[in-house]
Amino acid sequence: MRLDVVTIFPEYLEPLNVSLVGKARARGQLGVHVHDLREWTYDRHNTVDDTPYGGGPGMVMKTGPWGDALDTVLADGYESGAHAPTLVVPTPSGRPFTQELAVELSERPWLIFTPARYEGIDRRVMDEYATRVDVLEVSIGDYVLAGGEAAVLVITEAVARLLPGVLGNAESHRDDSFAPGAMAGLLEGPVYTKPPEWRGRDIPDVLLSGHHGRIARWRRDEALKRTAAHRPDLIERCDPRAFDKKDRETLFILGWAPDPAGEPYGRFWRRPDAVEQ
Ligand code: JQB
């Protein structure tokens, strides 16, 4: 996979040299090219922004530098054999970046990231490149960053660990909290390792019991508890056929019950009579 990043803060992308992404690069699975947008400015002040048409606060990134940068990056990439580029544009108004999208991006041969600053990039730039390449506007979450660089690091890490051989263990993806089929969309419960006692705190007995059935059941209950507490929306979204008899018991104790009449049929909802957990 080839990655290009065009930014006014190339040093912000330094983390791409270390850890998981760095290892993928060292293995030759990933080629990363970071470019300084200001290389495509031709005035004394290396201007990349200007005032917004229609007025209002802040500044907007200009078409000229982005157009020249992307033309160069595309031409150089094609010339070195890359194909089928996808422009990934971090923006608070993008579609949510999910594990599903991470998987989709990990299957693409060439990603070009355009992290912006200020109030974003003049709309015409993405309208123009959308006529030539796939353009994906994505948001990493419902909060406002000062720019797109941190989003590039997030997306890159989520994608790089999916590349074959990066984890060292292809099995490990299967259990990802958000991977379809993991615990059918549940969050993971707590994990423990040695020593067996730390500052007077023990490991839950069941984990030392060697009883695989009971361990699996306990983990499932912990996953249900954690999901109900932190992400009730994920419980509501679950296909109720994914819940066995004991899941249903656990969910009832946590204050959840299947909707007997509602649409869609049998989904779990917070019981109106449930006491706060
Ligand atoms: C400028 C960004 C994010 C890129 C993602 C996320 O664009 C803006 N609009 C309104 C307020 C502030 C900005 C600042 N800004 C470029 C840029 C924010 C990404 C961003 C993002 N991906 N939150 N914020 N989830």
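One numbering rule holds for all chains: residues counted from 1, following each sequence as written. Residues qualify for local features only when their pLDDT is at least 70, as the model is predicted, and side-chain atom pairs are given and counted only at 80 or more; totals for whole chains, interfaces and linings, by contrast, use all residues. The basis for every side-chain value is the complete set of heavy atoms in the structure, and neither hydrogens nor water enter the calculation.

## Section: the packing of helix α6 (residues 212-230) against helix α8 (residues 245-253)
Helix-helix packing is described using two parameters, namely the angle between the two axes and the distance between the axes. The cut-off we apply is this: Angles here are taken between N-to-C directions and fall from 0 to 180 degrees, while the axes themselves are lines fitted to C-alpha atoms, restricted in helices to the stretch in contact. Numbering of helices and strands starts at the N terminus; helices are DSSP runs of H or I of at least 4 residues and strands are runs of E of at least 2. Angular relationships are summarised with four words: roughly parallel below 35 degrees, roughly antiparallel beyond 145, roughly perpendicular across 65 to 115, and oblique for the angles in between. Each crossing gets its hand from how the near helix is turned against the far one by less than a right angle, where anticlockwise is left-handed and clockwise is right-handed. In what follows, residue pairs with any heavy atoms lying within 4.5 Å of each other are defined as contacts. For this scheme, ten residues count as nonpolar: Ala, Val, Leu, Ile, Met, Phe, Trp, Tyr, Cys and Pro. Four count as charged, namely Asp, Glu, Lys and Arg, and the remainder, Gly too, count as polar.
In the contact formed by α6 and α8, the axes pass within 10 Å of each other and the chain directions differ by 40°. By the angle between their directions, the pair α6 and α8 is classed as oblique. By crossing handedness, the relation of α6 to α8 is classed as right-handed. Of the residues in α8, those touching α6 at Arg217, Arg220, Asp221 and Leu224 are Lys246, Asp247, Thr250 and Leu251. The class makeup of the residues in the contact of α6 with α8 is two nonpolar, one polar and five charged.

## Here we look at the nonpolar core
Stated precisely, the cut-off is as follows: The nonpolar core is taken to be a set of buried Ala, Val, Leu, Ile, Met, Phe, Trp, Tyr and Cys residues, with the residues joined through side-chain atoms within 4.5 Å. Only protein chains enter the accessibility calculation, which uses a 1.4 Å probe; a residue whose area is less than 20% of its type maximum is buried, one above 50% is exposed, and one in between is partly exposed.
Counting residues in each nonpolar core, the largest one holds 27 residues, and the members touching the most others are Leu30, Leu105, Phe113 and Ile155. Residue assignment for this core shows that the elements contributing at least two residues are β1 (2-7), α1 (19-26), α3 (99-106), β6 (110-113), β7 (134-139) and α5 (149-160). Per-element tally for this core: the top contributor is α5, with six residues. Grouped together as the second largest cluster of nonpolar side chains are 22 residues, Trp66, Ala69, Leu87 and Met126 included.

## Topic: the UniProt feature "binding site: S-adenosyl-L-methionine" (unreviewed entry) in the chain
What counts here: UniProt positions are given in the numbering used here, feature names are shortened, and annotations may be inferred rather than shown by experiment. Polar contact criterion, stated in full: a pair of N or O atoms within 3.5 Å, where within protein one must be able to donate a hydrogen and the other to accept it, and residues adjacent in sequence count only if both atoms are side-chain atoms.
In the numbering used here, UniProt assigns the feature "binding site: S-adenosyl-L-methionine" (unreviewed entry) to Ile140, Gly141, Asp142, Tyr143, Val144 and Leu145. Note that Tyr143 resides in the loop between β7 and α5. You can call Tyr143 partly exposed: its relative accessible area is 44%. Within the structure, Tyr143 has its side chain in polar contact with the backbone oxygen of Ile140 (distance 3.0 Å).

## Section: the packing of aromatic side chains
Quick note on the threshold: Pairs were defined over the aromatic rings of Phe, Tyr and Trp, the Trp ring being its six-membered one, requiring ring centres within 6.5 Å. Orientation was assigned from the angle between planes: stacked under 30 degrees, edge-to-face over 60, tilted for the rest. Over a ring means this: the NZ of a Lys or the CZ of an Arg is within 6 Å of the ring centre and within 35 degrees of the ring normal.
One pass over the full model with this rule turns up two aromatic pairs. Summarising the aromatic geometry, the rings of Tyr78 and Trp110 are spaced 5.2 Å apart at their centres and angled 85° between planes, so their arrangement reads as edge-to-face. Taken together, the positions of Tyr78 in helix α2 (residues 63-79) and Trp110 in strand β6 put the pair 32 residues apart, joining distant regions of the chain. Note on Phe243 and Phe268: the rings are 5.1 Å apart at their centroids and 80° apart in plane angle, and the pair reads as edge-to-face. Of the two residues, Phe243 sits in the loop between α7 (232-237) and α8 while Phe268 sits in strand β11 (residues 268-270), which places them 25 residues apart along the sequence. Neither Phe243 nor Phe268 differs from the other in exposure class; each is buried. Just above the ring of Phe252 sits the side chain of Arg271; from NZ or CZ to the centre is 3.8 Å.

## Quick word on the side chain of Arg2
Looking at where Arg2 falls in the secondary structure, it is placed in strand β1. Every residue in contact with Arg2, bar those within four places of it in the chain, is listed here: Gly31, His33, Gly77, Ser80, Ala82, Pro109, Trp110 and Leu111.

## Some details on the site of the ligand
We apply this condition: Definition of nearness: a residue and a molecule or strand are near each other if at least one heavy atom of the residue lies within 4 Å of the molecule or strand. In these tables, accessible area is a Shrake-Rupley quantity obtained with a 1.4 Å probe, and a residue counts as shielded only by the protein chains included in the view.
Around the ligand lies a shell of 18 residues, among which Tyr118, Ser139, Gly141, Tyr143 and Leu145 are the nearest. Between the ligand and Ser139 there is a distance of 3.1 Å, counted from a nitrogen atom to a side-chain nitrogen or oxygen. If the ligand stood free it would expose 510 Å²; the protein chains cover 86% of that surface. When residues of the shell around the ligand are assigned to their parent elements, the largest contribution, three residues, is made by strand β5 (residues 85-96). Classifying every residue of the shell around the ligand by side-chain character gives eleven nonpolar, five polar and two charged.

## Points about the sheet that holds strand β2 (residues 31-36)
Our working definition: Pairing between strands requires that DSSP locate at least two bridges from one strand to the other.
Spatially, five strands are ordered β2-β1-β6-β5-β7 in an open sheet, and the strand pairing comes out parallel. Edge positions in the open sheet fall to β2 and β7, since each of these has one partner strand only. Along the sheet, successive strands turn relative to each other by an average axial angle of 25°, direction set aside. With seven bridges connecting them, β5 and β7 associate as parallel partners. When the bridges of β7 are listed, Val89 appears paired with Glu137.

## Some points on α1
Among the residues of α1, those classed as buried are Leu20, Val21, Gly22 and Ala24. Structurally, α1 contributes buried residues whose contacts are with α5.

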